[in-house]
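Chain and residue survey
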Amino acid sequence: MYLFIKKVFKIIFYFSALTTLCFSVLLGMKYDKTVDIIGQKNIDSAQILILGDSRAARQINPVIINKVTGINVLNIAESSMDLYSLTFRLKKLNVKDKLIIISASSWQMNDGATANGYFRMEAFNDLNGYRKIQLYSDNLIELKLMLSNSLFSNHNYSVGDKSRLINSGFKSLECREFDTVNMFENHPWYRNINLNGVKAELLKQALRELNTIDCKGIIIYNGPVSIDFASKAKYNGVWRMENEYSNTIARFIEKEELKRITFFDLRNLSGFNNNDYYDPQHFCEKGANKFTNRIIQIFNLNSSKFHFVK
């Protein structure tokens, strides 16, 4: 009986040791990353590139900017694109004579916002093992899933979109009523709020690297939200998070003297109501067109500041 127990104990011990070793190896693995540029001709001919997350992809209409200013505009923003992952892609492009406009929402600074695609594989793979555990300490199941996906991914990423042509449209959605009662329930942006962790450091690293990119300038904005969202967010802590996020970016740009980057906090932009949104934080088509006209003035896109050749 003693020999049997000893044998079982050895099996358990070696299995645990092997599992720990494999887990440690996976945590520390690094992968070579490549980037495919899609729609190169459209990117080359653009004088303004619209990038970032869904609050640019669905909310800035190149047709309007081109009509008002005569400037060639391409919107290749995509949902859940964070500044860190975007910077990695931008370094592969020639943007010397381009103005870059980026929507960057607060989820990319919250360590609790990792589910539902709000932490990209390319950023995950650049973390060391300790940082990965730190980021996913409250959700080890999700960490295992990311490690598994990382192991079997080809780590080939892309920038651009064949369906997005120069001066021709964006991915807008129709206006509709949205739920104003449960808008914060299980919201992936605001889970387990922590703005002083791993993602905050990645954000600051991205800002430093963005500032080294040779271009006409970089405009980053935190987009508007619906009236109902703002009023309720001020009573449940979400507005404090949004304030801290915007203030962190503004202070960091000033402290680090990142001269190439200009930041706009547009959350309180006036002139919109709930009918301009299809959900609490995204404009529908009507609202997006109004927003596009507003940012032409706010960002001075029609001035000689950027020296565009028309």
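In this report, we go over the structure that sits alongside the text. Bear in mind the structure is a predicted one, so any value in this text is a computation, not a measurement.

With respect to unusual backbone geometry
In this structure, Asn167 takes a positive phi of about 55 degrees despite not being glycine. One non-glycine residue, Asn192, lies in the positive phi region at around 40 degrees. Inspection of the secondary structure puts Asn192 in the loop between strand E5 (156-159) and helix H9 (198-210).

A closer look at helix H4 (residues 62-69)
Listed as buried for H4 are Pro62, Ile64, Ile65 and Thr69. Buried residues along H4 cover an arc of 160 degrees about the axis, so they all sit on one side. In this fold, the buried residues of H4 make contact with strand E2 (48-52), strand E3 (73-75) and helix H12 (285-298). Taking the backbone nitrogen of Val63 as reference, a side-chain oxygen 3.0 Å away marks Asn61 as the first, capping residue of H4.

Considerations on the pairing of strand E6 (residues 217-222)
When a strand is regular, its side chains alternate between the sheet's two faces. Counting buried positions over the six residues of E6 gives six, a clear majority of the element. In E6, alternate side chains face the same way, and those of Gly217, Ile219 and Tyr221 on one face and Ile218, Ile220 and Asn222 on the other are all buried. By the bridge criterion, five bridges tie E6 to strand E7 (residues 261-265) in an arrangement that is parallel. Paired with Ile218 across the bridge in E7 is Ile261.

Conventions and cut-offs
Residues numbered from 1 in each chain as written. Predicted model: local features only at pLDDT ≥ 70, side-chain atom pairs only at ≥ 80, totals over all residues. Heavy atoms only, no water. Helix = DSSP H or I, 4+ residues; strand = E, 2+ residues; numbered from the N terminus. Buried < 20%, exposed > 50% of the residue type's maximum accessible area, 1.4 Å probe, protein only. Arc of directions from axis to C-beta. Contact = heavy atoms within 4.5 Å. Polar contact = N/O pair within 3.5 Å; in protein donor to acceptor, adjacent residues only side chain to side chain. Pairing = 2+ DSSP bridges.

Keep in mind these numbers describe shape, not what the thing actually does.
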